[in-house]
Amino acid sequence: MAVRAALLRHVRVPLQTLNPAVTLTGPKWGPPSLRWMSSHDDHLTKNEVTDRVLSVVKCFPKVDPSTVTPDVHFQKDLGLDSLDNVEIVMALEEEFKLEIPDKEADKIDSTNLAIEYISNHPMAS
């Protein structure tokens, strides 16, 4: 998707981690370099992923936080356009420290699909 690639070069969405216990530098995991080099499997639980995805969507400027649920559709329920959808996916990539391929990113149009994709991604942190 050419639009997404152009946005990645020019647009940055500021993120704020709401729960310091789920950050890489928080007390749960220790220094990021140790976790990255570790063979210990401490993959995120689905509940952790859900909480963080909902936090990212609630922090999006055009979204009323009271309308965000684990099953909300970005365009149908929140009234966002395709550009907003791209920005949310980019914010999720930044929050979870992963890169979502364009073909997969185009399919993520709801919190439920974002939660499923990220919770099944082996590199999500």
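Residues numbered from 1 in each chain as written. Predicted model: local features only at pLDDT ≥ 70, side-chain atom pairs only at ≥ 80, totals over all residues. Heavy atoms only, no water.

Side note on the side chain of S119
In step 1: Relative to the assigned elements, S119 resides in helix 6 (residues 111-120).
In step 2: Taking the relative accessible area as the measure of exposure, S119 reaches 12% and is therefore buried.
In step 3: Polar contacts involving the side chain of S119 include one to the main-chain carbonyl oxygen of I115, which spans 2.8 Å.
In step 4: Setting aside chain neighbours within four positions, we find S119 in contact with H43, K46 and V49. (Helix = DSSP H or I, 4+ residues; strand = E, 2+ residues; numbered from the N terminus. Buried < 20%, exposed > 50% of the residue type's maximum accessible area, 1.4 Å probe, protein only. Polar contact = N/O pair within 3.5 Å; in protein donor to acceptor, adjacent residues only side chain to side chain. Contact = heavy atoms within 4.5 Å.)

Considering the pattern of salt bridges
In step 1: This model, assessed by the stated rule, comprises 4 salt bridges.
In step 2: Note that K46 and E116 form a salt bridge whose closest N and O atoms lie 2.2 Å from each other. With K46 in helix 3 (residues 46-58) and E116 in helix 6, this pair connects stretches of sequence that are 70 residues apart.
In step 3: A salt bridge links D84 to K62; the nearest nitrogen and oxygen atoms lie 3.0 Å apart. One end of the pair, D84, is in helix 4 (residues 82-96); the other, K62, is in the loop between helix 3 and helix 4, and 22 residues separate them in sequence.
In step 4: By relative accessible area, K62 is classed as exposed at 55%. (Salt bridge = Lys/Arg side-chain N within 4 Å of Asp/Glu carboxyl O.)

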